[in-house]
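Results of the structural survey
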Amino acid sequence: MKSKSVKTKTLLSIEDLSVTLYTDKVTVCPVNTVNYTVESGKVLAIVGESGSGKTVMNMAPLGLLPQGVTADVEGSVQFEGKNLLSMNEKEKQRIRGGEIGVIFQDPLSSLNPVRRIGPQITEVIELHLGLSTSAAQKQAVDMLNLVGIPNSESRMKQYPHELSGGMRQRVCIAMSIAGEPKLLIADEPTTALDVTVQAQIVSLLKDLQKRLNMSIVLITHDIGIVSGMADYLAVMYAGRLIEIGPVEKVLLESMHPYTWGLLDSVSTLSTPIGMPFQGIKGNPPNLTLNIKGCPFVPRCDYAIENCSEDRPLLSSCGDNESGHATACPVAKEQNISYLTFSGH
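Sequence positions are assigned chain by chain, starting from 1 and proceeding in written order. Totals for whole chains, interfaces and linings use every residue, but because this is a predicted model, local features are given only for residues with pLDDT of at least 70 and side-chain atom pairs only at 80 or more, for both listing and counting. For the side-chain quantities, the full set of heavy atoms in the structure was used; hydrogens and water were omitted.

**Observations concerning the overall build of the chain**
- Each helix is a run of H or I in the DSSP string that is no shorter than four residues. Each strand is a run of E no shorter than two, and both are numbered from the N terminus. Scanning the chain from terminus to terminus reveals 12 helices and 12 strands.
- A globule of 344 residues ought to have a C-alpha radius of gyration of about 20 Å, and the chain, at 21 Å, matches this closely.
- Along the first, second and third principal axes, the C-alpha set of the chain runs to 65 × 50 × 50 Å.
- Residue contacts are counted whenever heavy atoms from the two residues lie within 4.5 Å of one another. For the chain, the share of sequence-separated contacts (at least 6 apart) that also reach a separation of at least 24 residues comes to 65%.
- A total of about 16,700 Å² of accessible surface is found on the chain, and carbon and sulfur atoms cover 50% of it.
- A positive count includes Lys and Arg, and a negative count includes Asp and Glu. His and the chain ends are not counted in either. Note on charges: their place is set at NZ of Lys, CZ of Arg, CG of Asp or CD of Glu. Taking the average location of the 30 positive side-chain charges in the chain and that of its 35 negative ones, the two points are 5 Å from each other. The quantity called the radius of gyration is restricted to C-alpha atoms. Its globule counterpart is 2.2 Å times the number of residues to the power 0.38. Method for areas: the Shrake-Rupley scheme with a 1.4 Å probe, in which residue coverage is limited to the protein chains shown.

Here it is, written out as structure tokens:
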């Protein structure tokens, strides 16, 4: 993913990451041998359908899994040269909320409903920056101002249920950056918000990323929101990364049929009113089963016999220095890109 012509610092390096989840009823493998990097000061967006493994891939190494779920996490997750998978829970707690901030999907459930907003932000600052209570309170007000919440001092005294969904999400963003993280993981930060508020949140994250020089991993199922924010784009399907590269390469010159389907499902201003939704036919595979070849075969019009037998690995598309890679050898060999597929 990193261009050889530009020297950048790798902040997060994922190598051969696999996650197996266990519950009382089922065993599932939502992340299967994944590799990628996040560069300092850059934004990597990870897109894919719900259930593709995007959230688990980023949360499991930090020990952030739902109650009642245990996991085997294998591979290497290096954050500034330190392997998160070899850390104990106390060491991970120092990283979470401090060097790595997290915005969770549901702002209402990620805030304590019986505590006022102020103490929840102040607590993060005291824990990770070591400030006194009075200094932390002042900085909490500054954080609310930074994320665009008016009357921030009075908002500090309010409870989560007293705020709108957009305001709650801004509070969650304030909490996630209060510890001055180098990396922010934003998990579906616009879910359940109306279109206008979604645009505001994306604009806010983009502004904060530039102002604070953070790296961001943006997890989303909506490929339409990434073009103006991400530097790199990774496409995930059935627990595997199937395409990755600079955002403009993946959006305009993608070489995987699943990526084409995601792009064709996005409505634009030129989409005729009343036109039926263009979804991807079929359903994602059952991740409790062992998938031998390419998991997209049952839904793919370009699959050949070998696709069901051999797992396709990510390999460079064209210029090796571009960082664009696909896991579809058929499209690559036939030189079929999204522009060819869509007829543009």
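**Remarks on the sheet that holds strand β9 (residues 232-237)**
- In spatial order, the strands read β6-β7-β8-β3-β9-β10-β12-β11; together these eight strands make up an open sheet with mixed pairing. For this open sheet the edge positions go to β6 (100-103) and β11 (315-316), each flanked by a neighbour on one side alone.
- If DSSP finds at least two bridges between two strands, the strands pair. In this sheet, β9 lies alongside strand β3 (residues 43-47) in parallel orientation, the contact comprising four bridges. What sits directly across from I46, in β9, is A234.
- A fitted line through C-alpha atoms serves as each axis, taken over the contacting stretch for helices, and the angle formed by two N-to-C directions is quoted from 0 to 180°. With respect to the sheet, helix α7 (residues 165-177) is in contact with β6 and β7 (183-187), its orientation differing from that of β6 by roughly 170°.

**Digging into the pattern of salt bridges**
- Put simply, a salt bridge is a Lys or Arg side-chain nitrogen that is within 4 Å of an Asp or Glu carboxyl oxygen. Scanning the model with the defined rule gives 11 salt bridges in all.
- K182 is paired through a salt bridge with E80; the nearest N and O atoms lie 2.9 Å apart. With K182 in the loop between α7 and β7 and E80 in the loop between β4 (70-79) and β5 (82-83), this pair connects stretches of sequence that are 102 residues apart.
- For K182, a relative accessible area of 38% puts it in the partly exposed group.
- With a shortest N-O distance of 3.4 Å, K249 and E253 are connected by a salt bridge. Remark: E253 and K249 occur in helix α9 (residues 247-253); sequence separation between them is four residues, near one turn of the helix. Relative accessible area decides the class of each residue, using a 1.4 Å probe on protein chains only: under 20% of the type maximum gives buried, over 50% gives exposed, and in between gives partly exposed.

**What about helix α10 (residues 257-264)?**
- Taking burial as the measure, the eight residues of α10 include seven buried ones, the bulk of the element.
- Among the residues of α10, P257, Y258, T259, W260, G261, L262 and L263 are the ones counted as buried.

**Some points on the sheet that holds strand β1 (residues 10-22)**
- The four strands are arranged β2-β1-β4-β5 in an open sheet whose pairing can be described as antiparallel. Where the open sheet ends on each side, the last strands, each with one partner, are β2 (27-39) and β5.
- Pairing geometry for β1 and β4, over nine bridges, is antiparallel. Bridging from a neighbouring strand, Y22 pairs with T70 of β4.

**Here we look at the pairing of strand β10 (residues 240-246)**
- Within β10, seven of the seven residues are buried, leaving the element largely enclosed by the surrounding structure.
- In terms of strand pairing, β9 meets β10 through six bridges, oriented antiparallel. The residue of β10 that forms the bridge with V235 is E243.
- The antiparallel hairpin formed by β9 and β10 contains two residues in its connecting segment, where A238 sits at a positive phi of about 55°.

**Details of the side chain of R299**
- Among the structural elements, R299 can be located in the loop between α10 and β11.
- We define a polar contact as two N or O atoms separated by no more than 3.5 Å, with the added condition that, inside protein, one atom must be a possible hydrogen donor and the other a possible acceptor, whereas residues neighbouring each other in sequence contribute only through side-chain atom pairs. Side-chain polar atoms of R299 contact the side chain of Y237, separated by 3.2 Å.
- Reaching out from R299, the side chain makes a polar contact with the backbone oxygen of I280 at a distance of 3.3 Å.
- The contact partners of R299, leaving out residues within four places of it in the chain, are E49, Y237, I280, K281, G282, N283 and P284.

**Looking at unusual backbone geometry**
- One non-glycine residue, D16, adopts positive backbone phi at about 50°.
- Within the fold, D16 resides in strand β1.
- With a relative accessible area of 45%, D16 lands in the partly exposed category.
- Of note, the phi angle at E188 is positive, near 45°, even though the residue is not glycine.
- Here E188 lies in the loop between β7 and α8 (195-212).

**So, the nonpolar core**
- Put simply, a nonpolar core is a bunch of buried Ala, Val, Leu, Ile, Met, Phe, Trp, Tyr and Cys residues held in one set by side-chain atoms that sit within 4.5 Å of each other. Counting 70 residues, the largest nonpolar core has I121, V226 and L233 as its most contacted members.
- The element best represented in this core is α7, accounting for seven residues.
- Each residue touching I121, except ones within four places of it in the same chain, is listed here: A140, L144, V171, A174, M175 and A178.
- Grouped together as the second largest cluster of nonpolar side chains are 34 residues, V38, M59, M87 and L183 included.

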